[in-house]
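Structural description and commentary
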Amino acid sequence: MRRGNIIVGLDVGTTKICALVGEVMDNKIDILAIGSAPSTGLRKGVVINIESTVDSIKRAVKEAETISGVEIRSVYVGIAGGHIKGFESYGAVGIKGKEVRLQDVERVIDSASVVYVPLDREVLHVIPIEFILDGQDGIKDPVGMSGVRLEVKVHIITGAVSSVQNLLKCCERAGLDVIDIVLEPIASAEAVLTEDEKDLGVALVDIGGGTTDIAIYRDGSLRHTAVLALGGNHFTNDIAIGLRIPVQEAERIKKKYGYAITGMADGTEEMDVAGADKQVRKIPRKYIAEIIQPRCEELTELIKREIENISVQELGLSGVVMTGGASLLEGLDRVAEAGLGLPVRIGMPEGIKTSHVSPMQNAVSNPMYSTGIGLILHGSANGTERVFYGDMFNGIFDRMKEWVKNLFGSNGHELRGKTVSMKQRG
Ligand SMILES: Nc1ncnc2c1ncn2[C@@H]1O[C@H](COP(=O)(O)OP(=O)(O)OP(=O)(O)O)[C@@H](O)[C@H]1O
Ligand SMILES: [Mg+2]
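Residues numbered from 1 in each chain as written. Chains lettered and ligands numbered in written order. Predicted model: local features only at pLDDT ≥ 70, side-chain atom pairs only at ≥ 80, totals over all residues. Heavy atoms only, no water.

A word on the overall build of the chain
Counted only if it meets this: Each helix is a run of DSSP H or I of at least 4 residues and each strand a run of E of at least 2, with the numbering of both proceeding from the N terminus. We call a residue buried when its accessible area falls under 20% of the maximum for its residue type, exposed when it is over 50%, and partly exposed in between, using a 1.4 Å probe and counting protein chains only. Calculation of accessible area relied on Shrake-Rupley with a 1.4 Å probe; when residues are assessed, cover is drawn exclusively from the protein chains displayed.
The helix and strand tally for the chain stands at 13 helices and 19 strands. Within the chain, buried positions represent 56% of all 426 residues. On the chain, roughly 18100 Å² of surface is accessible, and the fraction owed to carbon and sulfur atoms is 49%.

So, in C-alpha coordinates, the structure goes:
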(Lines give C-alpha, C1' and ligand atoms only; values in the text may rest on other atoms or scores of the structure.)
(Ligands and ions follow the chains in the order given, each with its own letter.)
Protein backbone atom coordinates (compact mmCIF):
# COMPACT_ATOMS: atom_id res chain seq x y z
CA MET A 1 0.00 0.00 0.00
CA ARG A 2 1.30 3.46 -0.94
CA ARG A 3 1.72 5.97 1.86
CA GLY A 4 3.60 8.85 0.26
CA ASN A 5 2.53 11.58 -2.13
CA ILE A 6 2.55 10.51 -5.73
CA ILE A 7 4.06 12.98 -8.18
CA VAL A 8 4.17 12.41 -11.92
CA GLY A 9 6.61 14.14 -14.28
CA LEU A 10 5.70 14.19 -17.97
CA ASP A 11 8.64 14.90 -20.28
CA VAL A 12 7.30 15.68 -23.75
CA GLY A 13 10.50 15.40 -25.77
CA THR A 14 11.27 15.46 -29.47
CA THR A 15 12.31 11.79 -29.59
CA LYS A 16 10.48 10.25 -26.63
CA ILE A 17 7.62 11.11 -24.31
CA CYS A 18 8.00 9.68 -20.85
CA ALA A 19 5.91 9.65 -17.71
CA LEU A 20 7.81 9.09 -14.47
CA VAL A 21 5.92 8.20 -11.31
CA GLY A 22 7.60 9.15 -8.03
CA GLU A 23 6.47 8.54 -4.46
CA VAL A 24 7.62 11.17 -1.98
CA MET A 25 7.85 10.12 1.63
CA ASP A 26 9.98 11.56 4.43
CA ASN A 27 11.85 13.72 1.90
CA LYS A 28 12.83 10.66 -0.10
CA ILE A 29 11.70 10.00 -3.63
CA ASP A 30 11.12 6.54 -4.95
CA ILE A 31 10.72 6.14 -8.67
CA LEU A 32 7.91 3.65 -9.09
CA ALA A 33 7.67 3.59 -12.87
CA ILE A 34 8.88 4.98 -16.16
CA GLY A 35 6.49 4.76 -19.08
CA SER A 36 7.93 5.76 -22.42
CA ALA A 37 6.72 6.07 -26.01
CA PRO A 38 8.45 7.32 -29.16
CA SER A 39 7.51 10.91 -29.97
CA THR A 40 6.67 11.94 -33.52
CA GLY A 41 4.52 15.03 -32.99
CA LEU A 42 7.23 17.50 -31.97
CA ARG A 43 9.78 19.51 -33.88
CA LYS A 44 12.62 21.32 -32.16
CA GLY A 45 10.93 20.82 -28.81
CA VAL A 46 7.54 22.24 -29.87
CA VAL A 47 4.27 20.38 -30.55
CA ILE A 48 3.46 20.42 -34.27
CA ASN A 49 1.03 17.49 -34.37
CA ILE A 50 -1.51 17.27 -31.57
CA GLU A 51 -2.97 13.89 -32.50
CA SER A 52 0.27 11.96 -32.50
CA THR A 53 1.52 13.75 -29.38
CA VAL A 54 -1.70 12.86 -27.53
CA ASP A 55 -1.31 9.28 -28.69
CA SER A 56 2.31 9.08 -27.40
CA ILE A 57 1.36 10.71 -24.07
CA LYS A 58 -1.46 8.20 -23.60
CA ARG A 59 0.89 5.29 -24.33
CA ALA A 60 3.59 6.55 -21.97
CA VAL A 61 1.07 7.21 -19.20
CA LYS A 62 -0.61 3.85 -19.66
CA GLU A 63 2.72 2.05 -19.39
CA ALA A 64 3.62 4.00 -16.25
CA GLU A 65 0.21 3.18 -14.74
CA THR A 66 0.59 -0.52 -15.48
CA ILE A 67 4.06 -0.69 -13.92
CA SER A 68 3.27 1.42 -10.85
CA GLY A 69 -0.33 0.43 -10.25
CA VAL A 70 -1.09 4.14 -9.78
CA GLU A 71 -3.87 5.94 -11.64
CA ILE A 72 -2.34 9.04 -13.21
CA ARG A 73 -4.60 12.09 -13.22
CA SER A 74 -2.32 15.10 -12.86
CA VAL A 75 1.22 15.80 -14.00
CA TYR A 76 4.05 18.31 -13.95
CA VAL A 77 4.90 18.86 -17.60
CA GLY A 78 8.09 20.16 -19.16
CA ILE A 79 8.23 22.81 -21.86
CA ALA A 80 11.07 23.79 -24.23
CA GLY A 81 11.53 25.30 -27.68
CA GLY A 82 12.97 28.39 -29.33
CA HIS A 83 9.95 30.48 -28.26
CA ILE A 84 11.16 30.57 -24.64
CA LYS A 85 12.69 33.90 -23.61
CA GLY A 86 14.13 35.11 -20.33
CA PHE A 87 14.90 38.58 -18.98
CA GLU A 88 15.72 40.25 -15.70
CA SER A 89 13.42 42.56 -13.79
CA TYR A 90 13.64 44.56 -10.58
CA GLY A 91 11.25 45.60 -7.83
CA ALA A 92 11.35 47.60 -4.59
CA VAL A 93 9.02 48.22 -1.64
CA GLY A 94 9.12 49.99 1.70
CA ILE A 95 8.93 47.80 4.81
CA LYS A 96 5.98 48.81 6.99
CA GLY A 97 7.04 47.13 10.21
CA LYS A 98 10.63 47.03 11.34
CA GLU A 99 11.10 43.47 10.18
CA VAL A 100 10.70 41.87 6.75
CA ARG A 101 7.67 39.57 6.69
CA LEU A 102 6.52 37.02 4.14
CA GLN A 103 3.97 39.55 2.87
CA ASP A 104 6.79 42.01 2.13
CA VAL A 105 8.56 39.37 0.07
CA GLU A 106 5.32 38.73 -1.82
CA ARG A 107 4.85 42.46 -2.41
CA VAL A 108 8.37 43.02 -3.69
CA ILE A 109 8.16 40.05 -6.07
CA ASP A 110 4.76 41.38 -7.20
CA SER A 111 6.35 44.72 -7.99
CA ALA A 112 9.20 43.09 -9.97
CA SER A 113 6.64 41.08 -11.92
CA VAL A 114 4.77 44.14 -13.14
CA VAL A 115 6.34 44.17 -16.59
CA TYR A 116 5.00 44.53 -20.07
CA VAL A 117 4.42 41.11 -21.60
CA PRO A 118 3.06 41.07 -25.17
CA LEU A 119 -0.35 39.43 -25.54
CA ASP A 120 1.08 36.51 -27.48
CA ARG A 121 3.43 35.56 -24.62
CA GLU A 122 2.82 34.30 -21.12
CA VAL A 123 4.92 34.19 -17.99
CA LEU A 124 6.08 30.70 -17.02
CA HIS A 125 8.48 31.41 -14.18
CA VAL A 126 9.55 34.32 -11.99
CA ILE A 127 12.75 33.36 -10.23
CA PRO A 128 14.21 35.55 -7.48
CA ILE A 129 17.95 36.06 -8.04
CA GLU A 130 18.70 38.07 -4.91
CA PHE A 131 17.15 40.43 -2.40
CA ILE A 132 18.67 43.75 -1.40
CA LEU A 133 17.82 45.16 2.03
CA ASP A 134 18.79 48.78 2.72
CA GLY A 135 21.52 48.52 0.09
CA GLN A 136 22.90 45.21 1.34
CA ASP A 137 22.81 42.84 -1.65
CA GLY A 138 23.23 39.10 -2.03
CA ILE A 139 20.44 38.20 0.43
CA LYS A 140 18.65 34.94 -0.35
CA ASP A 141 16.03 34.93 2.40
CA PRO A 142 15.22 38.32 3.94
CA VAL A 143 12.31 37.16 6.15
CA GLY A 144 12.94 38.20 9.75
CA MET A 145 15.69 40.68 8.88
CA SER A 146 15.47 44.34 9.94
CA GLY A 147 15.33 47.11 7.36
CA VAL A 148 13.19 49.77 5.69
CA ARG A 149 13.61 49.23 1.95
CA LEU A 150 13.46 45.80 0.27
CA GLU A 151 14.51 45.31 -3.34
CA VAL A 152 14.57 42.17 -5.48
CA LYS A 153 16.17 41.12 -8.75
CA VAL A 154 14.21 38.44 -10.59
CA HIS A 155 14.59 36.38 -13.74
CA ILE A 156 11.32 36.20 -15.69
CA ILE A 157 10.77 33.44 -18.25
CA THR A 158 8.04 33.71 -20.87
CA GLY A 159 6.81 31.41 -23.63
CA ALA A 160 4.62 31.81 -26.70
CA VAL A 161 0.97 31.43 -25.70
CA SER A 162 0.27 29.22 -28.73
CA SER A 163 3.05 26.73 -27.88
CA VAL A 164 2.02 26.62 -24.22
CA GLN A 165 -1.64 26.13 -25.15
CA ASN A 166 -0.85 23.36 -27.63
CA LEU A 167 1.12 21.48 -25.00
CA LEU A 168 -1.74 21.94 -22.50
CA LYS A 169 -4.25 20.83 -25.10
CA CYS A 170 -2.30 17.60 -25.67
CA CYS A 171 -2.26 16.84 -21.94
CA GLU A 172 -5.94 17.68 -21.60
CA ARG A 173 -6.89 15.45 -24.52
CA ALA A 174 -4.83 12.66 -22.98
CA GLY A 175 -7.06 13.03 -19.89
CA LEU A 176 -4.45 14.74 -17.70
CA ASP A 177 -4.62 17.82 -15.49
CA VAL A 178 -1.45 19.88 -15.58
CA ILE A 179 -0.40 21.02 -12.11
CA ASP A 180 2.44 23.13 -13.43
CA ILE A 181 4.47 23.79 -16.56
CA VAL A 182 8.22 23.81 -15.94
CA LEU A 183 10.96 24.90 -18.28
CA GLU A 184 12.82 21.70 -19.19
CA PRO A 185 16.39 22.91 -18.53
CA ILE A 186 15.26 24.10 -15.08
CA ALA A 187 13.84 20.64 -14.39
CA SER A 188 17.00 18.92 -15.66
CA ALA A 189 19.13 21.27 -13.54
CA GLU A 190 17.17 20.28 -10.43
CA ALA A 191 18.00 16.66 -11.15
CA VAL A 192 21.71 16.87 -12.00
CA LEU A 193 23.32 19.99 -10.52
CA THR A 194 24.76 20.17 -7.01
CA GLU A 195 24.21 23.23 -4.81
CA ASP A 196 27.98 23.89 -4.94
CA GLU A 197 27.93 23.97 -8.74
CA LYS A 198 25.00 26.40 -8.72
CA ASP A 199 26.85 28.61 -6.23
CA LEU A 200 30.17 28.60 -8.07
CA GLY A 201 28.61 29.11 -11.51
CA VAL A 202 27.69 26.37 -13.95
CA ALA A 203 26.08 25.90 -17.35
CA LEU A 204 23.61 23.02 -17.56
CA VAL A 205 23.47 21.78 -21.16
CA ASP A 206 20.67 19.28 -21.91
CA ILE A 207 21.34 17.78 -25.34
CA GLY A 208 18.17 16.03 -26.45
CA GLY A 209 17.04 14.84 -29.85
CA GLY A 210 15.79 18.07 -31.39
CA THR A 211 17.12 20.77 -29.08
CA THR A 212 19.92 21.64 -26.73
CA ASP A 213 18.62 23.48 -23.68
CA ILE A 214 20.93 25.67 -21.62
CA ALA A 215 20.47 26.97 -18.07
CA ILE A 216 23.20 29.05 -16.43
CA TYR A 217 23.40 29.34 -12.65
CA ARG A 218 25.53 31.54 -10.44
CA ASP A 219 25.37 32.33 -6.71
CA GLY A 220 22.74 29.63 -6.35
CA SER A 221 20.28 31.25 -8.79
CA LEU A 222 19.28 30.82 -12.38
CA ARG A 223 20.73 33.66 -14.47
CA HIS A 224 20.13 32.75 -18.10
CA THR A 225 18.31 30.20 -20.24
CA ALA A 226 18.52 29.43 -23.95
CA VAL A 227 17.30 26.80 -26.37
CA LEU A 228 19.41 25.84 -29.41
CA ALA A 229 17.75 24.12 -32.35
CA LEU A 230 20.43 21.43 -32.57
CA GLY A 231 20.47 18.01 -30.93
CA GLY A 232 21.28 14.32 -31.27
CA ASN A 233 18.97 13.89 -34.27
CA HIS A 234 21.29 16.11 -36.29
CA PHE A 235 24.16 13.69 -35.60
CA THR A 236 21.94 10.84 -36.80
CA ASN A 237 20.88 12.69 -39.95
CA ASP A 238 24.50 13.54 -40.79
CA ILE A 239 25.45 9.85 -40.47
CA ALA A 240 22.47 8.82 -42.62
CA ILE A 241 23.46 11.27 -45.36
CA GLY A 242 27.20 10.65 -45.05
CA LEU A 243 26.94 6.85 -45.24
CA ARG A 244 23.82 6.87 -47.46
CA ILE A 245 21.88 4.64 -45.08
CA PRO A 246 18.34 4.85 -43.62
CA VAL A 247 17.91 7.13 -40.58
CA GLN A 248 16.92 4.19 -38.36
CA GLU A 249 20.14 2.37 -39.16
CA ALA A 250 22.13 5.57 -38.65
CA GLU A 251 20.53 5.93 -35.19
CA ARG A 252 21.42 2.34 -34.32
CA ILE A 253 25.07 2.60 -35.31
CA LYS A 254 25.41 6.03 -33.69
CA LYS A 255 24.36 4.57 -30.34
CA LYS A 256 26.40 1.39 -30.77
CA TYR A 257 29.61 2.62 -32.41
CA GLY A 258 29.39 6.42 -32.28
CA TYR A 259 32.18 8.58 -30.95
CA ALA A 260 32.99 12.23 -31.43
CA ILE A 261 36.75 12.47 -31.97
CA THR A 262 38.48 10.97 -35.00
CA GLY A 263 41.65 10.02 -33.16
CA MET A 264 39.83 8.32 -30.28
CA ALA A 265 39.49 4.75 -31.54
CA ASP A 266 41.47 2.20 -33.52
CA GLY A 267 41.31 3.37 -37.16
CA THR A 268 41.11 -0.16 -38.57
CA GLU A 269 37.98 -1.27 -36.70
CA GLU A 270 35.00 -2.09 -38.91
CA MET A 271 31.25 -2.28 -38.29
CA ASP A 272 28.34 -3.97 -40.04
CA VAL A 273 25.99 -1.46 -41.58
CA ALA A 274 22.74 -2.19 -43.44
CA GLY A 275 22.01 0.00 -46.45
CA ALA A 276 18.63 0.97 -47.89
CA ASP A 277 18.81 -2.21 -50.00
CA LYS A 278 19.08 -4.25 -46.74
CA GLN A 279 22.55 -5.42 -47.80
CA VAL A 280 24.99 -5.50 -44.88
CA ARG A 281 28.42 -4.05 -45.60
CA LYS A 282 31.55 -3.56 -43.56
CA ILE A 283 32.47 0.10 -43.03
CA PRO A 284 35.39 1.55 -41.03
CA ARG A 285 34.10 2.77 -37.65
CA LYS A 286 36.18 5.93 -37.87
CA TYR A 287 33.83 7.20 -40.62
CA ILE A 288 31.26 7.99 -37.90
CA ALA A 289 33.66 10.25 -36.02
CA GLU A 290 34.77 11.87 -39.28
CA ILE A 291 31.14 12.71 -40.06
CA ILE A 292 30.01 13.90 -36.64
CA GLN A 293 33.08 15.60 -35.19
CA PRO A 294 32.38 18.84 -37.14
CA ARG A 295 28.75 18.74 -35.88
CA CYS A 296 29.97 18.30 -32.28
CA GLU A 297 32.30 21.27 -32.77
CA GLU A 298 29.45 23.33 -34.23
CA LEU A 299 27.27 22.51 -31.20
CA THR A 300 30.14 23.45 -28.87
CA GLU A 301 30.57 26.74 -30.72
CA LEU A 302 26.86 27.56 -30.31
CA ILE A 303 27.01 26.72 -26.60
CA LYS A 304 30.11 28.89 -26.25
CA ARG A 305 28.40 31.82 -27.96
CA GLU A 306 25.44 31.50 -25.62
CA ILE A 307 27.71 31.41 -22.58
CA GLU A 308 29.73 34.37 -23.84
CA ASN A 309 26.54 36.28 -24.61
CA ILE A 310 25.91 36.65 -20.93
CA SER A 311 29.54 37.64 -20.43
CA VAL A 312 30.67 34.53 -18.72
CA GLN A 313 33.92 36.12 -17.66
CA GLU A 314 31.86 38.40 -15.47
CA LEU A 315 29.86 35.50 -14.16
CA GLY A 316 32.94 33.31 -13.94
CA LEU A 317 31.59 29.82 -14.56
CA SER A 318 33.41 26.94 -12.95
CA GLY A 319 32.23 24.27 -15.34
CA VAL A 320 29.63 22.75 -17.64
CA VAL A 321 27.33 19.81 -16.90
CA MET A 322 26.00 17.95 -19.92
CA THR A 323 22.90 15.82 -19.76
CA GLY A 324 20.14 14.57 -22.09
CA GLY A 325 20.30 11.43 -24.24
CA ALA A 326 22.80 12.82 -26.76
CA SER A 327 25.34 13.55 -24.01
CA LEU A 328 25.93 9.77 -24.06
CA LEU A 329 27.84 10.13 -27.34
CA GLU A 330 31.36 9.02 -26.48
CA GLY A 331 33.89 11.85 -26.59
CA LEU A 332 31.33 14.67 -26.90
CA ASP A 333 32.32 15.88 -23.42
CA ARG A 334 35.97 16.04 -24.53
CA VAL A 335 35.12 18.03 -27.68
CA ALA A 336 33.12 20.43 -25.51
CA GLU A 337 35.87 20.71 -22.92
CA ALA A 338 38.43 21.63 -25.58
CA GLY A 339 36.10 24.12 -27.30
CA LEU A 340 34.75 25.79 -24.17
CA GLY A 341 37.94 25.79 -22.13
CA LEU A 342 35.92 24.68 -19.08
CA PRO A 343 35.67 21.36 -17.24
CA VAL A 344 32.74 19.29 -18.52
CA ARG A 345 31.02 16.40 -16.75
CA ILE A 346 28.09 14.22 -17.72
CA GLY A 347 25.18 14.78 -15.33
CA MET A 348 23.02 11.83 -14.31
CA PRO A 349 19.83 12.39 -12.32
CA GLU A 350 20.94 12.36 -8.71
CA GLY A 351 18.24 13.91 -6.59
CA ILE A 352 16.58 10.58 -5.99
CA LYS A 353 16.99 9.04 -2.60
CA THR A 354 15.34 5.67 -2.53
CA SER A 355 13.66 4.54 0.64
CA HIS A 356 14.42 0.98 -0.42
CA VAL A 357 16.32 -0.39 -3.40
CA SER A 358 13.96 0.30 -6.21
CA PRO A 359 14.09 -1.77 -9.39
CA MET A 360 13.79 1.55 -11.23
CA GLN A 361 16.99 2.88 -9.73
CA ASN A 362 19.24 1.60 -12.49
CA ALA A 363 16.82 2.55 -15.22
CA VAL A 364 16.71 6.19 -14.15
CA SER A 365 20.48 6.57 -13.90
CA ASN A 366 20.50 7.78 -17.47
CA PRO A 367 20.84 11.37 -18.67
CA MET A 368 17.77 10.79 -20.87
CA TYR A 369 15.61 10.94 -17.75
CA SER A 370 17.08 14.09 -16.18
CA THR A 371 14.11 16.22 -17.22
CA GLY A 372 11.51 13.69 -16.01
CA ILE A 373 13.22 13.23 -12.64
CA GLY A 374 13.65 17.00 -12.34
CA LEU A 375 9.93 17.48 -12.88
CA ILE A 376 9.22 15.19 -9.93
CA LEU A 377 11.78 17.06 -7.79
CA HIS A 378 10.19 20.36 -8.80
CA GLY A 379 6.78 18.95 -7.86
CA SER A 380 7.95 17.78 -4.46
CA ALA A 381 9.76 21.07 -3.72
CA ASN A 382 6.72 23.11 -4.63
CA GLY A 383 4.38 21.25 -2.34
CA THR A 384 1.49 19.07 -3.31
CA GLU A 385 -1.08 21.80 -3.76
CA ARG A 386 -3.63 20.84 -6.30
CA VAL A 387 -4.01 24.02 -8.32
CA PHE A 388 -4.53 22.91 -11.85
CA TYR A 389 -3.32 24.77 -14.85
CA GLY A 390 -6.83 24.32 -16.18
CA ASP A 391 -7.86 27.00 -13.70
CA MET A 392 -7.40 29.71 -16.26
CA PHE A 393 -8.59 32.52 -14.06
CA ASN A 394 -5.96 32.30 -11.42
CA GLY A 395 -4.19 35.65 -11.55
CA ILE A 396 -0.45 35.89 -11.74
CA PHE A 397 -0.16 37.52 -8.35
CA ASP A 398 -2.34 35.00 -6.57
CA ARG A 399 -0.25 32.23 -8.05
CA MET A 400 2.91 33.96 -6.98
CA LYS A 401 1.72 34.34 -3.41
CA GLU A 402 0.95 30.61 -3.27
CA TRP A 403 4.42 29.93 -4.39
CA VAL A 404 6.26 32.31 -2.15
CA LYS A 405 4.45 30.65 0.76
CA ASN A 406 5.52 27.28 -0.55
CA LEU A 407 9.08 28.39 -1.04
CA PHE A 408 9.54 29.89 2.37
CA GLY A 409 7.16 27.53 4.11
CA SER A 410 6.29 27.93 7.74
CA ASN A 411 9.73 26.70 8.72
CA GLY A 412 11.47 29.40 6.73
CA HIS A 413 12.84 27.51 3.72
CA GLU A 414 15.21 29.55 1.63
CA LEU A 415 14.41 30.78 -1.86
CA ARG A 416 17.85 29.73 -3.06
CA GLY A 417 17.76 28.01 -6.38
CA LYS A 418 14.01 27.58 -6.16
CA THR A 419 11.75 28.65 -8.95
CA VAL A 420 8.42 30.32 -8.80
CA SER A 421 6.35 29.22 -11.74
CA MET A 422 3.36 30.98 -13.12
CA LYS A 423 0.31 29.04 -13.97
CA GLN A 424 -1.28 31.72 -16.05
CA ARG A 425 -1.30 35.38 -16.65
CA GLY A 426 -4.46 36.84 -15.18
N1 LIG B 1 24.11 5.90 -26.33
C2 LIG B 1 23.86 6.98 -27.06
N3 LIG B 1 24.84 7.56 -27.81
C4 LIG B 1 24.59 8.64 -28.56
N5 LIG B 1 23.39 9.27 -28.63
C6 LIG B 1 22.39 8.75 -27.89
C7 LIG B 1 22.55 7.60 -27.07
N8 LIG B 1 21.36 7.34 -26.46
C9 LIG B 1 20.50 8.27 -26.89
N10 LIG B 1 21.10 9.12 -27.75
C11 LIG B 1 20.50 10.25 -28.47
O12 LIG B 1 19.82 11.10 -27.56
C13 LIG B 1 18.77 11.79 -28.25
C14 LIG B 1 17.53 11.73 -27.41
O15 LIG B 1 17.78 12.34 -26.17
P16 LIG B 1 16.60 12.71 -25.18
O17 LIG B 1 15.81 11.48 -24.88
O18 LIG B 1 17.21 13.43 -24.05
O19 LIG B 1 15.78 13.68 -26.13
P20 LIG B 1 14.30 14.28 -26.02
O21 LIG B 1 14.06 14.70 -24.63
O22 LIG B 1 13.32 13.31 -26.61
O23 LIG B 1 14.40 15.50 -27.01
P24 LIG B 1 14.37 17.09 -26.75
O25 LIG B 1 14.82 17.31 -25.35
O26 LIG B 1 15.31 17.63 -27.77
O27 LIG B 1 12.98 17.52 -27.01
C28 LIG B 1 18.60 11.10 -29.59
O29 LIG B 1 19.14 11.90 -30.61
C30 LIG B 1 19.41 9.82 -29.41
O31 LIG B 1 19.95 9.39 -30.64
MG1 LIG C 1 14.51 16.43 -23.51
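Having seen the structure, we can now continue with the description.
Quick word on the side chain of Ser327
Rules: The criterion used for residue contact is that any of the two residues' heavy atoms lie within 4.5 Å.
With respect to the element layout, Ser327 can be found in the loop between β17 (319–323) and α10 (332–340). Assessed through its relative accessible area of 4%, Ser327 is described here as buried. Not counting the four nearest positions on each side in its chain, Ser327 is found in contact with Ile207, Met322, Leu332, Ile346 and Pro367.

Some thoughts on the environment of Ala250
The residue Ala250 is located in helix α7 (residues 247–257) in this model. Setting aside residues no more than four positions away along its own chain, Ala250 makes contact with Thr236, Ile239, Ala240 and Ile245.

Description of the sheet that holds strand β6 (residues 74–79)
Put simply, the test is: Any two strands with at least two DSSP-identified bridges between them are counted as paired. Only C-alpha atoms enter the line fits that serve as axes; for helices the fit covers just the stretch in contact. Angles between N-to-C directions range over 0 to 180 degrees.
A sheet is described by the order of its strands in space; here 5 strands give the open sequence β3-β2-β1-β6-β11, paired in mixed fashion. Either end of the sheet is taken by a strand with one partner, and the two such strands are β3 (28–38) and β11 (177–183). Taken pair by pair, the neighbouring strands of this sheet meet at an average axis angle of 25°, ignoring direction. Inspection of the sheet shows β6 paired to β11 by 6 bridges, in the parallel sense. Across the sheet, Ile79 pairs through a bridge with Leu183, a residue of β11. The strands touched by helix α3 (residues 161–173) within the sheet are β1 (5–12), β6 and β11, with β6 carrying the most contacts at an inclination of about 150°. On the sheet, helix α4 (residues 184–192) packs against β1, β6 and β11 and is oriented at approximately 80° with respect to β11.

Thoughts on the pairing of strand β10 (residues 149–160)
Within β10, 10 of the 12 residues are buried, leaving the element largely enclosed by the surrounding structure. Strand direction decides the pairing type here: strand β7 (residues 85–94) and β10, joined by 10 bridges, are antiparallel. Following the sheet pairing, Gly86 is matched in β10 by Ile157. Where strand β8 (residues 121–133) lies against β10, 11 bridges are found, and the strand directions are antiparallel. Each residue of the ladder has a partner; that of Pro128, found in β10, is Val154.

Section: α7
Where we set the bar: As used here, the arc is the angular range of directions from the helix axis to the C-beta atoms.
Regarding α7, the residues found buried are Glu249, Ala250, Ile253, Lys254 and Tyr257. What you see down the axis of α7 is that its buried residues fit within an arc of 135°, all on one side. Exposed side of α7, more than 90 degrees from the buried face: Gln248, Lys255 and Lys256 are the residues found there. Summarising the contacts, the buried residues of α7 are in contact with α6 (232–243), β15 (270–274) and α8 (286–309).

Focus: the site of ligand 1
Defined as follows: If a single non-hydrogen atom of a residue is within 4 Å of a molecule or strand, that residue counts as near it. We define a polar contact as two N or O atoms separated by no more than 3.5 Å, with the added condition that, inside protein, one atom must be a possible hydrogen donor and the other a possible acceptor, whereas residues neighbouring each other in sequence contribute only through side-chain atom pairs.
Taken together, 19 residues surround ligand 1, and among them Thr14, Thr15, Lys16, Glu251 and Lys254 come closest. Thr15 places a polar side-chain atom, nitrogen or oxygen, 2.6 Å from an oxygen atom of ligand 1. Coverage of ligand 1 by the protein amounts to 92% of the 660 Å² it exposes when considered alone. When residues of the shell around ligand 1 are traced back to their parent elements, those giving at least two are α6 and α7. Here the shell around ligand 1 gets 3 residues from one element, more than from any other, and that element is α7.

Points about the sheet that holds strand β18 (residues 344–346)
Across the sheet, which stays open at both edges, the 5 strands sit in the order β14-β13-β12-β17-β18 with mixed pairing between neighbours. The open sheet has two free edges, formed respectively by β14 (221–228) and β18, since each of these has just one partner strand. Between one strand axis and the next, the sheet turns through 20° on average, direction left out of account. Bridge count between strand β12 (residues 202–207) and strand β13 (residues 212–218): 6 bridges; the pairing is antiparallel. Counterpart to Val205 in the pairing with β13 is Ile214.

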